[in-house]
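Close look at the chain arrangement
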Amino acid sequence: MSRILNFSAGPSTLPVPVLQKAAEEMVDYRGAGLSVMEMSHRSPVYQDIFDGAEAHLRELMQIPDNYKVLFLQGGASCQFAMVPMNLFSSSNKADFVNTGVWSKKAIAEAKRYGDINIVASSEDKNFSYIPKLDPSAFNSNADYFHITSNNTIYGTCFNELPDTGSVPIVADMSIVIIREDLIGNAMDITPTMLNYQTHADNGSMFNTPPCYSIYIAKLVFEWLKNLGGLEAIEKINREKAALLYDYIDESNAFSAPVVKEDRSLMNVPFILPSEELNAKFLKEASENGVVNLKGHRSVGGMRASIYNAMPKENVATLVDFMKKFEQANC
Ligand SMILES: Cc1ncc(COP(=O)(O)O)c(C=O)c1O
């Protein structure tokens, strides 16, 4: 077996044991005589998979009982519309922190349905930091307060949540986890498919859910539980990120554009002193099976995405490769 070291920001690397399990179960899922991809989402065998995924996630993240977990189609981009349509229920006002491309997309969509107040922005320095928040700029009547908790493109993250009092915080993440009392007050214009109530009332099965993705998520959650849960993976992730950031900080050639206190543990952007060196590094890395390191076009340079499934030894291999490149070229 030969696998590349895939540092893609998404879709991104999965744990090998998860891929192997999915492969084992692909043609005949546990004696059911068909694959998960071919099953009716209304069959008991699929419902078991679905319930398992939700139960594992609830246990891993200790999600309180008064929160619904919704597995929806449309990705995070669909949430840019669903959030305002469902949460604009009283003042039709929302506070936003502008930390980059994803915040801007969320703001542009929310503006179609209500009044947006941008409480802070880090645009002046190409979103290389998380702006300090001044609570006097917050609107205490806002229907919600929106943050992009991890900025995939710039490699920044909120290390603490703002204190917004009774205003609910919406964080742009991957799955909809929503407090029950925020469901059921959608704007009249909200299409049935975009109303959280529709999906909450139907156990995410109003229509066909993203069946195979939910199955893979379940396998990933099982893998995380076997590893020791969130505490264990956080420790590994901190070690992985330290390996990479520490080397970048001591290097005379590589540098990280993000201020130290706001660095993401998941997405690590870095640059070399010239465009020529960036291009040479990316080409040589790729020739050596270290791939998908090209940074987003708005930041340039490189970006290593080192999510949960990225093994520590692969980050060590990347760092070794960077050291050798620096010695040979800088
Ligand atoms: C923070 C953030 N928000 C939103 C999105 C858009 O996600 P999707 O492609 O699922 O619509 C992404 C994608 O990478 C993201 O990183």
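Placed above this text is the structure.
These numbers were taken from a predicted model, which means no experiment stands behind them.

Here we come to the site of the ligand. Around the ligand, the structure places Gly-75, Ala-76, Ser-77, Phe-80, Trp-102, Thr-148, Asn-150, Thr-152 and Asp-172. Within the contact set of the ligand, an oxygen atom lies 3.0 Å away from a backbone nitrogen or oxygen of Ala-76. At a separation of 2.6 Å, an oxygen atom of the ligand approaches a polar side-chain atom of Ser-77. Its free accessible area being 400 Å², the ligand has 66% of it covered by the protein chains. It is helix 3 (residues 75-87) that provides the largest number of residues to the shell around the ligand, a total of four residues. Among the residues making up the shell around the ligand, the classes are represented as three nonpolar, five polar and one charged.

We now examine the environment of Val-299. For Val-299, the location among the structural elements is in the loop between strand 11 (290-291) and strand 12 (302-305). What makes Val-299 partly exposed here is its relative accessible area of 26%. C-alpha separation for the pair Val-299 and Asn-159, spaced 140 residues apart in sequence, amounts to 21 Å. If sequence neighbours within four positions are ignored, Val-299 has contacts with Asn-126, Ile-153 and Tyr-154.

On to the pattern of salt bridges, then. If you walk through the whole model with that rule in mind, you get 16 salt bridges. Between Glu-234 and Arg-238 there is a salt bridge; the shortest N-O distance is 2.9 Å. Taken together, the positions of Glu-234 and Arg-238, both in helix 7 (residues 229-250) and four residues apart, correspond to about one turn of that helix. On the basis of relative accessible area, Arg-238 is assigned to the partly exposed category, the value being 47%. Counted as one network, the salt bridges with shared partners bring together Lys-21, Glu-25 and Arg-30.

Here we take up the packing of aromatic side chains. Within the structure shown, the criterion is met by 13 aromatic pairs. Taking the centre distance of 5.4 Å and the plane angle of 75 degrees together, the rings of Phe-254 and Phe-281 count as edge-to-face. With a gap of 27 residues between them, Phe-254 in the loop between helix 7 and strand 10 (267-270) and Phe-281 in helix 8 (residues 275-287) connect regions that are remote in the sequence. Assigned by exposure class, Phe-254 and Phe-281 land together as buried. Put simply, the rings of Tyr-247, Phe-254, Phe-270, Phe-281, Phe-321 and Phe-325 pair up and form one aromatic cluster. When the ring centre of Tyr-129 is taken as origin, the NZ or CZ atom of Lys-125, which lies over that ring, is 5.9 Å away.

Reading the values: rules and limits
- Residues numbered from 1 in each chain as written.
- Predicted model: local features only at pLDDT ≥ 70, side-chain atom pairs only at ≥ 80, totals over all residues.
- Heavy atoms only, no water.
- Near = heavy atom within 4 Å.
- Polar contact = N/O pair within 3.5 Å; in protein donor to acceptor, adjacent residues only side chain to side chain.
- Areas by Shrake-Rupley, 256 points an atom, 1.4 Å probe, with all protein chains shown as cover.
- Helix = DSSP H or I, 4+ residues; strand = E, 2+ residues; numbered from the N terminus.
- Nonpolar A, V, L, I, M, F, W, Y, C, P; charged D, E, K, R; others polar.
- Buried < 20%, exposed > 50% of the residue type's maximum accessible area, 1.4 Å probe, protein only.
- Contact = heavy atoms within 4.5 Å.
- Salt bridge = Lys/Arg side-chain N within 4 Å of Asp/Glu carboxyl O.
- Phe/Tyr/Trp six-rings, centres within 6.5 Å; stacked < 30°, edge-to-face > 60°.
- Lys NZ or Arg CZ within 6 Å of the ring centre and 35° of its normal.

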